[in-house]
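# Notes for the structure review
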Amino acid sequence: MSATREVLAVVPPHVGGRGVGAGLAALLPGDAHVTVVEAAGEDPAALRRAQVVITALAPVTAEHFAAAPDLELVQCASHGFDYVDVAAARERGIPVCTIGSSGAEAQNVAEQTFALMLALAKQLVPGHLALVEAEWALPRLQGSLTELSGKTLGIVGLGQIGRQVARRAAAFDMVVVYAGRRRAAPEAEAGGARHVPLDELCRISDYVSLHAPLTEETRHLLDARRLALLKQSAFVINTARGGLIDQDALAEALERGTLAGAGIDVFDPEPPTPALRLLRAPNVVLSPHVGGVTRETMVRIALAAVRNVTDFLAGATPRDAVERP
């Protein structure tokens, strides 16, 4: 009989808490003893015993690494890993893995991206609110209604999710440009996506959609300077990580009318505080980080994370180990 392996599943309340954690635990093999918590430090004894930590958007800090002497793997139940102190993990030689190669979130994040783009182009939220207040808002909104067809979509990060967005953009007859640290493989450009520097992407795009990981290098990738490069008629879409945008600078641009609108699914921090200026900025469509949490997506995420942990416990090299930010 194989020895019991200690697994700590960390699922904070804002992504489902103990209920989701229990479902995740039920998928792990029988030789895994799983403790479900809502914060990594909630159960110090379980953290001290843990050989594997599975985290669903819950912080795993240097202090948590120091308190877990037997830790061998941190598995993120997401494409992102910004909530884990990767530098602390590297110092201990502990791999931090995502579910990136599974593409588990790609379908729904791409759909959410277009939901936000279409809501802005067709002024769905102002139109709905006006009708609820018995206003026929067509004369007021008509001048700001636009089409996606023929517009230039700038994708920042042509990875798994960015490529799914590019595919859908082709169906809408959009022109696609992209920026990233390196040029994508030829098959990723097969639909006509063209690689350009980020500043040029900002200048020429009608829609800028962010699909990059959050690292020290990408934090506030869209800052006040780059936001000032955008057309006055342009829209910003963020379904990746809130920290990719300087949120105050974005609110300022919207308030001053130097940017047409924004569709935001992610915030920094999450949940956002009531003081966040974007909550009151004009022509924004906001959603509570729903881009990766449909019923179908949650199943794929859980299965991908559990598969990686199960294979690791069986002696395999873990997939999707991240590099130090």
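Here the structure is shown first, and the text comes after it.
What counts and what doesn't
- Residues numbered from 1 in each chain as written.
- Predicted model: local features only at pLDDT ≥ 70, side-chain atom pairs only at ≥ 80, totals over all residues.
- Heavy atoms only, no water.
- Patch = residues over 30% accessible without salt bridge, like charges linked within 9 Å, V, L, I, M, F, W, Y side chains within 5 Å.
- Areas by Shrake-Rupley, 256 points an atom, 1.4 Å probe, with all protein chains shown as cover.
- Salt bridge = Lys/Arg side-chain N within 4 Å of Asp/Glu carboxyl O.
- Helix = DSSP H or I, 4+ residues; strand = E, 2+ residues; numbered from the N terminus.
- Expected span 1.5 Å × (residues − 1).
- Buried < 20%, exposed > 50% of the residue type's maximum accessible area, 1.4 Å probe, protein only.
- Contact = heavy atoms within 4.5 Å.
- Phe/Tyr/Trp six-rings, centres within 6.5 Å; stacked < 30°, edge-to-face > 60°.

### Things to note about a nonpolar patch on the surface
- On the surface, L131, W136, L138 and L145 cluster together into a nonpolar patch covering about 450 Å² of accessible area.
- With respect to the helices and strands, L131 occurs in helix 6 (residues 124-132).

### Quick word on helix 8 (residues 160-171)
- Relative to the 16 Å expected for 12 residues at 1.5 Å per residue, helix 8 spans 18 Å between its end C-alpha atoms, a close match to the ideal helical length.
- Listing the buried residues of helix 8 in full gives I161, G162, Q164, V165, A166, R168 and A169.
- Packing partners of the buried residues in helix 8 comprise helix 5 (106-121), strand 6 (152-156) and strand 7 (175-179).
- Directly beyond the C-terminal end of helix 8, a positive phi value near 60° is found at D173.

### Considering the packing of aromatic side chains
- Within the structure shown, the criterion is met by 2 aromatic pairs.
- Ring geometry for F114 against F172: centres 5.1 Å apart, planes inclined by 15°, an arrangement best described as stacked. On the criterion of sequence distance, the pair formed by F114 in helix 5 and F172 in the loop between helix 8 and strand 7 is long-range, its members being 58 residues apart.
- Relative to F235, the ring of Y207 lies with its centre 5.1 Å away and its plane at 15°, an arrangement referred to as stacked. Highlighted residues: Y207 in strand 9 (residues 207-210) and F235 in strand 10 (residues 235-238), separated in sequence by 28 residues.
- Judged by relative accessible area, which is 6%, F235 ranks as buried.

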